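# Breakdown of the fold
The chain contents come next:
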Amino acid sequence: MIQLKGIAAAPGIRVGPAHKFGKEEFTVPRNEIREDEIPINIQLFEEALIKTRKEIMELQKRIGSDMGQEEALIFDAHLLVLEDRMLIEEVISRLKKEKLNVACIFSEVLKKYTSVFSNIEDEYLKERIVDINDVGRRILRNLLGKERKAFSELKEKVVVVAHDISPSDTAAMHKKKVLAFVTDIGGKTSHTAIMAKSLEIPAVVGIEGATAMIHPDDVLIVDGSMGVVIINPDQQTLENYRREEQKFAGVLQKFLTAKDLPAVTRDGKTVQIYANIELPDEVPSVKLHGAKGIGLYRTEFFYMNRRDLPTEEEHYQEYKYVAQEMKPDPVVIRTLDLGGDKFLSQFAIPQEMQPFLGWRAIRFCLARPEIFKVQLRAILRASVHGKLKLMYPMISGVEELRQANTILDQAKKELEDKGLSYDKDMQVGTMIEVPSAALTADILAKETDFFSIGTNDLIQYSLAVDRVNEKVAYLYEPAHPAVLRMIKNIITAGHKEKIKVAMCGEMAGEPGLVLILLGMGLDEFSIPPQVIPELKYIIRSITMKQVEEIAEKASTLSTAKEVNNYSQDKLREILK
Ligand code: PEP
Ligand code: MG
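For the structure given in this document, a descriptive report is provided here. Since the structure is predicted, the reported quantities are computational estimates derived from the model, not experimental observations.

## What to know about the overall build of the protein
When helices and strands are counted, the protein shows 23 helices and 16 strands. Computed over its C-alpha atoms, the radius of gyration of the protein comes to 26 Å, within 12% of the 25 Å expected for a compact globule of 576 residues. The burial tally for the protein puts 56% of its 576 residues in the buried class. Residue pairs in contact within the protein that sit at least 24 positions apart in sequence constitute 69% of those at least 6 positions apart. Here the protein displays about 26,300 Å² of accessible surface, and carbon together with sulfur accounts for 53% of that area. If you average the places of the 78 positive and of the 86 negative side-chain charges in the protein, the two averages end up 3 Å apart.

Set out below in structure tokens:
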């Protein structure tokens, strides 16, 4: 029995067999071959092509019946790659000339193809890299005799163990098949962790060496609440954890009793509690947990796990559905926030040294207005079906806000020209998640309808701590006095201009800190749906006077540790 400690990323306890999920980095051997080995290498290549063709056709058939014919059509492009004479002939002629094993030759040809295509300006051709890479990797996998299973193909329920899991892989996880996951790297507010919470898949991230220590089919206990993983536990430990698992479910049940009660303090102040979602499928969970609206809809997940960009109509149908389902409660749609730790296969975005400081979110949208406007028009059109609000991510100053609003005005004009209607009073808000925006909140407040504080990013930027890097996770401190001062500044600036100030980062769901945020005057909390009942329970237990005093005292403390200890003590006192 071995116990590993990592970062608690998504709560819950699960027990199950380990399933290794590879990073798909192939080590391709490079061996010289003899003249008489050329025919067998050509034969291996042909067999790999046939096997790949069979796999793709099976996949196409399954996707066709599961998701529809249109989705299955994308595999036609894959089949075409397999028939590309130029590619096949180049592999065979280089094989004869260079006399190296076929996997090595094929991987060199593949690299050459992808680099040629990525330098082409044409968008359509650029997109073909994704197909070529995808098929190329399949061929390579078959040449090397490797297997990669999709989550949906898993036969039994497993604990996924990986070096890292991307947010899009997480989004593709099958809740029925994936019990929990464990990774070598990652942080508490990485989008992988956020996604896991939404899908209610317990997760422990940032265990250095987890993939080296865990072997396939080891029995694992994953405690996503404490950040602990136990490999091959003894009978006693297993029983203890099974009891804990039941207790956890029991506590959740208890909080759930508060879910439909209003979030009102004991002295009568109503606090707005909204939910964060990544996918429209989460709407039932939002309602189940008693949210009075959606305060953050992270739309970028709609662009993931697909080969093309969503059309305006697809966006529209998606937002219309969420607006109608939540009506009359509000839904805040955040415009595309790609980049950082979220990448989309449709764009060949060059690798950056510091992606969180790079070409992401609103910066990307302002540079590509033709892509941005598709989403804006769809949001506007959907606004007539409910109470939609829109907000921009990563605004660093008022110029960016103005530029975004100019594009929004163009989108409105385009709809008007076509005679299409939209809600003329739709509110347009600004996420405050960059320190420069926090410090100029007084300027921004004059030109926006509401603020939503994105603490996940605000903390990483103001404390200079990468939110996905487990090595510096100990410095990632929502309770740091610098963070608290910034939040206070944003709330004061917003209220001076009479606009509402919300928070949609994970900090808004940290029970102890909620007391301080309430005391600072935060108007709205948007959190993962599962946390809502607990937050309501806390709000219903306090008075405003109590929390104002707590916030006041917290502002005099010097370290995050002092703030955490103090707020936890107060919480225990209040909840008895
Ligand atoms: C944030 O940064 O706090 C936020 C809510 O946005 P995201 O986590 O998607 O970056
Ligand atoms: Mg953010």
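## Concerning the nonpolar core
If you look at the biggest cluster of nonpolar residues, it comprises 128 residues, and the most contacted ones within it are Tyr 392 and Phe 525. Beyond its immediate sequence surroundings of up to four residues, Tyr 392 is in contact with Thr 335, Ile 362, Phe 372, Leu 401, Ala 404, Asn 405, Leu 408, Val 428, Gly 429, Thr 430 and Met 431. In this structure, Ile 56, Phe 75, Ile 92 and Ala 103 belong to the second largest nonpolar core, which totals 34 residues.

## Here's the deal with helix 12 (residues 312-326)
Relative to the 21 Å expected for 15 residues at 1.5 Å per residue, helix 12 spans 21 Å between its end C-alpha atoms, a close match to the ideal helical length. At its buried positions, helix 12 is contacted by helix 11 (283-288), strand 10 (294-298), strand 11 (330-334), helix 14 (369-382), strand 12 (387-392) and helix 15 (398-417).

## A word on the coordination of the magnesium ion (ligand 2)
On the protein side, the magnesium ion (ligand 2) has Glu 433 (OE) and Asp 457 (OD) as donor atoms, found 2.0 to 2.1 Å from it. Of this pair, Glu 433 sits in the loop between strand 13 (428-432) and helix 16 (435-439) while Asp 457 sits in helix 18 (residues 455-462), and the two are 24 residues apart along the sequence. You'll find Glu 433 and Asp 457 in the same group, each marked buried.

## Points about the site of ligand 1
The full set close to ligand 1 counts 16 residues, and His 191, Arg 298, Arg 334, Asn 456 and Arg 467 are the nearest of them. Within the backbone of Thr 455, an N or O atom sits 3.1 Å from an oxygen atom of ligand 1. Separating an oxygen atom of ligand 1 from a side-chain N or O atom of Arg 467 is a distance of 2.8 Å. Here ligand 1, which alone exposes 290 Å², has 100% of that area covered by the protein. Looking at the shell around ligand 1, the elements that each hand over two or more residues are helix 8 (191-198), strand 10 and helix 18. It is helix 18 that provides the largest number of residues to the shell around ligand 1, a total of three residues.

## Structural notes on helix 14
With 14 residues, helix 14 extends 19 Å from end C-alpha to end C-alpha; this agrees with the ideal 20 Å at 1.5 Å per step. Inspection of helix 14 places Ile 371, Phe 372, Lys 373, Val 374, Gln 375, Leu 376, Arg 377, Ala 378, Ile 379, Leu 380, Arg 381 and Ala 382 among the buried residues, and these make up the whole buried set. Its buried side turned inward, helix 14 meets helix 12, strand 11, helix 13 (361-367), strand 12 and helix 15.

## Describing the pattern of salt bridges
If you walk through the whole model with that rule in mind, you get 36 salt bridges. Taking the shortest distance from any N to any O, the salt bridge between Arg 381 and Glu 312 comes out at 2.8 Å. Here Arg 381 is found in helix 14, whereas its partner Glu 312 is found in helix 12, with 69 residues between them in sequence. Of the residues examined, Arg 381 reaches a relative accessible area of 15% and is grouped as buried. Residue classification places Glu 312 among the buried positions, given a relative accessible area of 15%. Asp 337 is the partner of Arg 334 in a salt bridge, and the nearest nitrogen-oxygen pair spans 3.3 Å.

## Observations concerning the packing of helix 22 (residues 544-554) against helix 23 (residues 560-575)
Two elements in contact, helix 22 and helix 23, have axes separated by 10 Å at closest approach and are oriented at 160°. Here helix 22 is positioned roughly antiparallel relative to helix 23, judged by the angle of their axes. Along this stretch, helix 22 crosses helix 23, giving a crossing that reads as right-handed. Residues Gln 546, Glu 549, Ile 550, Lys 553 and Ala 554 of helix 22 form the contact with helix 23, whose participating residues are Val 563, Tyr 566, Lys 570 and Ile 574.

## Quick look at the sheet that holds strand 4 (residues 158-162)
Within the open sheet, the eight strands sit side by side as 1-8-7-3-4-5-6-2. Their pairing is mixed. Each having just a single partner strand, strand 1 (2-5) and strand 2 (7-10) make up the two edges of the open sheet. Adjacent strand axes in the sheet meet at a mean angle of 30° when their direction is disregarded. Looking at chain direction, strand 2 and strand 6 (residues 203-205) are connected through three bridges and run antiparallel. Directly across from Ala 10, in strand 6, lies its bridge partner Ala 203. Strand contacts of helix 8: strand 2, strand 5 (178-183) and strand 6, with the helix running at about 50° to strand 2, the strand carrying the most contacts. Packed onto the sheet, helix 10 (residues 235-256) meets strand 3 (13-21), strand 7 (219-223) and strand 8 (228-231) and runs at close to 110° relative to strand 3.

## What to know about the sheet that holds strand 12
One closed barrel accounts for eight strands, arranged 9-10-11-12-13-14-15-16; its pairing is parallel. Here the strands of the sheet are splayed against their neighbours by 25° on average, with no regard to which way each runs. Where strand 10 and strand 11 come together, three bridges link them in parallel fashion. If you follow Arg 298 over to strand 11, its bridge partner there is Arg 334. Against the sheet, helix 12 touches strand 10, strand 11 and strand 12, its axis set at about 165° to strand 10.

## What about the packing of aromatic side chains?
Summed over all chains, the structure comprises five aromatic pairs. Centroid distance Phe 255 to Tyr 537: 5.6 Å. Interplanar angle 75°. Geometry classified as edge-to-face. Remark: Tyr 537 occurs in helix 21 (residues 532-539) and Phe 255 occurs in helix 10; sequence separation between them is 282 residues. Its relative accessible area of 16% is what places Phe 255 among the buried residues.

Calculation rules
Residues numbered from 1 in each chain as written. Chains lettered and ligands numbered in written order. Predicted model: local features only at pLDDT ≥ 70, side-chain atom pairs only at ≥ 80, totals over all residues. Heavy atoms only, no water. Helix = DSSP H or I, 4+ residues; strand = E, 2+ residues; numbered from the N terminus. Rg over C-alpha atoms; globule rule 2.2 N^0.38 Å. Buried < 20%, exposed > 50% of the residue type's maximum accessible area, 1.4 Å probe, protein only. Contact = heavy atoms within 4.5 Å. Areas by Shrake-Rupley, 256 points an atom, 1.4 Å probe, with all protein chains shown as cover. Lys, Arg positive; Asp, Glu negative; His and termini not counted. Charge placed at Lys NZ, Arg CZ, Asp CG, Glu CD. Core = buried A, V, L, I, M, F, W, Y, C linked by side-chain atoms within 4.5 Å. Expected span 1.5 Å × (residues − 1). Donors = N, O, S within 2.8 Å, 3.2 Å for Na, K, Ca; no water. Near = heavy atom within 4 Å. Polar contact = N/O pair within 3.5 Å; in protein donor to acceptor, adjacent residues only side chain to side chain. Salt bridge = Lys/Arg side-chain N within 4 Å of Asp/Glu carboxyl O. Axes fitted to C-alpha atoms, helices over the stretch in contact; angles between N-to-C directions. Parallel < 35°, antiparallel > 145°, perpendicular 65-115°, else oblique. Left-handed = near helix turned anticlockwise from the far one by under 90°. Pairing = 2+ DSSP bridges. Phe/Tyr/Trp six-rings, centres within 6.5 Å; stacked < 30°, edge-to-face > 60°.

Purely spatial values, then, with no claim about function.
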